[in-house]
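The residues making up each chain are set out below.
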Amino acid sequence: MFITFEGLDSSGKTTQARLLVDHLRVRAHAPVRFIREPGGTVISERLREILLDKKYLELSEASELFLFSASRAQLVRQVIHPALLRGEIVVCDRYYDSTTAYQGYGRGLDLATIRGINTLAAAGVVPDLTVLVDITIEEIEKRKHASKTEFDRMESAGREFFARVHNGYLSMAAEEPKRFVVVDGMRSVDDIAQEIADVVDNRQHLLKKEGQEES
Ligand code: TYD
């Protein structure tokens with residue numbers, strides 16, 4: 001089973017992804033692997049450094065798209081696909097929906113082109129479930145100002161950029177309602193985690209049942 005987490009920076013999705021991994025490690029009957037994007041292989045981590053380092057302000061939008069996609073292409077082939085073939089559960093903090101949201105809706109690159117690049121990078125590995133942790137732009141701004149850590153290159157973009165990314169995510173979730181589950185990220189960490197755990201437990205149950213019917 002392949003589960004991805006999506007959402008704006010500071011949405012709390014990484015915390016939720018970690019909590020789901022803890023939950024699954026106790027409950028699931030298969031090894032659980034936790035990965036973050038961009039990163040997860042030696043090559044992908046090198047690309048991450050270029051992508052997030054503020055000193056590369058000259059990085060073009062097209063280069064940004066290719067570097068995120070290159071990082072993913074390596075991660076899918078080296079880690080995600082082999083793990084899924086072994087029957088492991090893979091939880092990934094961001095995947096190709098981030099590219100559609102940030103480089104497509106956010107930067108304004110052509111969505112059809114991005115779809116093609118995503119398909120190539122992902123080698124046909126589509127998430128069974130994508131959890132979109134949704135919070136308002138106002139809340140994002142509040143959390144960013146309260147945080148003491150310095151912004152990386154992506155986080156330094158303006159409010160309009162994040163508003164476009166936010167709307168993009170909601171459109172994508174509406175287009176693929178079977179794959180996406182949108183959770184209200186404005187509630188307590190525990191409430192959100194419980195909702196996500198329930199959704200995943202249900203899906204796992206369904207996947208098992210479908211598997212049994214096939215055999
Ligand atoms: P990261 O520090 O991992 O942020 P977060 O905890 O919010 O995931 O940085 C990843 C940044 O890269 C984040 O701002 C989103 C952006 N990103 C893209 O623009 N496109 C992509 O395809 C991916 C995977 C991430």
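Small disclaimer: the values here were computed from a predicted structure and weren't measured.

Peer 1: Give me the lowdown on the site of the ligand, citing residues and values where you can.
Peer 2: By nearness alone, 16 residues border the ligand, and D9, K13, R94, T99 and Q103 come closest of all. Contact between the ligand and R72: an oxygen atom at 3.0 Å from a side-chain N or O atom of the residue. About the coverage of the ligand: the protein hides 90% of its 540 Å² of free accessible area. Mapped by element, the contributors of at least two residues to the shell around the ligand are helix 1 (13-27), helix 2 (42-52), helix 3 (61-85) and helix 4 (96-106). Here the shell around the ligand takes four residues from helix 4, the largest share from any one element. In terms of residue class, the shell around the ligand is made up of five nonpolar, four polar and seven charged.

Peer 1: Break down the pairing of strand 3 (residues 89-93) for me, citing the residues and quoting the values.
Peer 2: Counted residue by residue, strand 3 has five buried out of five residues, so it is predominantly covered. The alternating pattern of strand 3 places I89, V91 and D93 on one face and V90 and C92 on the opposite face, and all of these are buried. Examined bridge by bridge, strand 1 (residues 2-6) and strand 3 share four bridges and lie parallel to one another. Considered in strand 3, the bridge of F2 is made with V90. Pairing of strand 2 (residues 32-36) with strand 3 involves five bridges; the strand directions are parallel. Among the inter-strand pairings, V32 is bridged to a residue of strand 3, identified as I89.

Peer 1: Could you give an account of the nonpolar core, naming the residues involved and the relevant values?
Peer 2: Among the nonpolar cores identified, the biggest contains 21 residues, and L8, Y102, V165 and Y169 are the most heavily contacted of them. Elements with a contribution of two residues or more to this core: helix 2, helix 3, helix 4, helix 6 (137-146) and helix 7 (159-175). When residues of this core are assigned to their parent elements, the largest contribution, six residues, is made by helix 7. Excluding anything up to four places from it in sequence, V165 contacts L8, A101, Y102 and G106. Counting 20 residues, the second largest nonpolar core, distinct from the first, contains A17, L24, V91 and V181.

Peer 1: Help me get a handle on the pairing of strand 1, residues and values and all.
Peer 2: Residues in a regular strand project their side chains so that they alternate between the two faces of the sheet. Burial of strand 1 is extensive: five of the five residues sit out of reach of the surface. Burial along strand 1 is two-sided: F2, T4 and E6 facing one way and I3 and F5 facing the other are all buried.

Peer 1: Tell me about the packing of helix 3 against helix 5 (residues 111-122), and name the residues and values.
Peer 2: Helix 5 packs onto helix 3 with a crossing angle of 30° between their chain directions and a minimal axis gap of 8 Å. The orientation of helix 3 with respect to helix 5, classified from their angle, is roughly parallel. Residue-level contacts link L65, F66, S69, R72, A73, V76 and R77 of helix 3 to I114, I117, N118, L120, A121 and A122 of helix 5. Residues that form the contact of helix 3 with helix 5 fall into these classes: nine nonpolar, two polar and two charged.

Peer 1: Just give me the short version of helix 1, but keep the residues and values in it.
Peer 2: Along its 15 residues, helix 1 runs 21 Å from first to last C-alpha, staying within 8% of the 21 Å computed at 1.5 Å per residue. Looking only at helix 1, the buried set comprises K13, Q16, A17, L20, V21 and L24. For helix 1, the buried positions fall inside an angular range of 145° around the axis, keeping them on one side.

Peer 1: Can you lay out the side chain of Q103 for me, pointing to particular residues and giving the numbers?
Peer 2: Following the sequence through the fold, Q103 ends up in helix 4. Overall, the relative accessible area of 2% leaves Q103 in the buried class. Polar contacts involving the side chain of Q103 include one to the side chain of E64, which spans 2.6 Å. Setting aside residues no more than four positions away along its own chain, Q103 makes contact with E64, L65, F68, S98, G108, L109, I114 and M154.

Peer 1: Please provide a residue-by-residue account of the environment of E138, values included.
Peer 2: Turning to its location among the elements, E138 is positioned in helix 6. Between the alpha carbons of E138 and A163 there is a distance of 9.8 Å; along the sequence they are 25 residues apart.

What counts, and at which threshold
Residues numbered from 1 in each chain as written. Predicted model: local features only at pLDDT ≥ 70, side-chain atom pairs only at ≥ 80, totals over all residues. Heavy atoms only, no water. Near = heavy atom within 4 Å. Polar contact = N/O pair within 3.5 Å; in protein donor to acceptor, adjacent residues only side chain to side chain. Areas by Shrake-Rupley, 256 points an atom, 1.4 Å probe, with all protein chains shown as cover. Helix = DSSP H or I, 4+ residues; strand = E, 2+ residues; numbered from the N terminus. Nonpolar A, V, L, I, M, F, W, Y, C, P; charged D, E, K, R; others polar. Buried < 20%, exposed > 50% of the residue type's maximum accessible area, 1.4 Å probe, protein only. Pairing = 2+ DSSP bridges. Core = buried A, V, L, I, M, F, W, Y, C linked by side-chain atoms within 4.5 Å. Contact = heavy atoms within 4.5 Å. Axes fitted to C-alpha atoms, helices over the stretch in contact; angles between N-to-C directions. Parallel < 35°, antiparallel > 145°, perpendicular 65-115°, else oblique. Expected span 1.5 Å × (residues − 1). Arc of directions from axis to C-beta.

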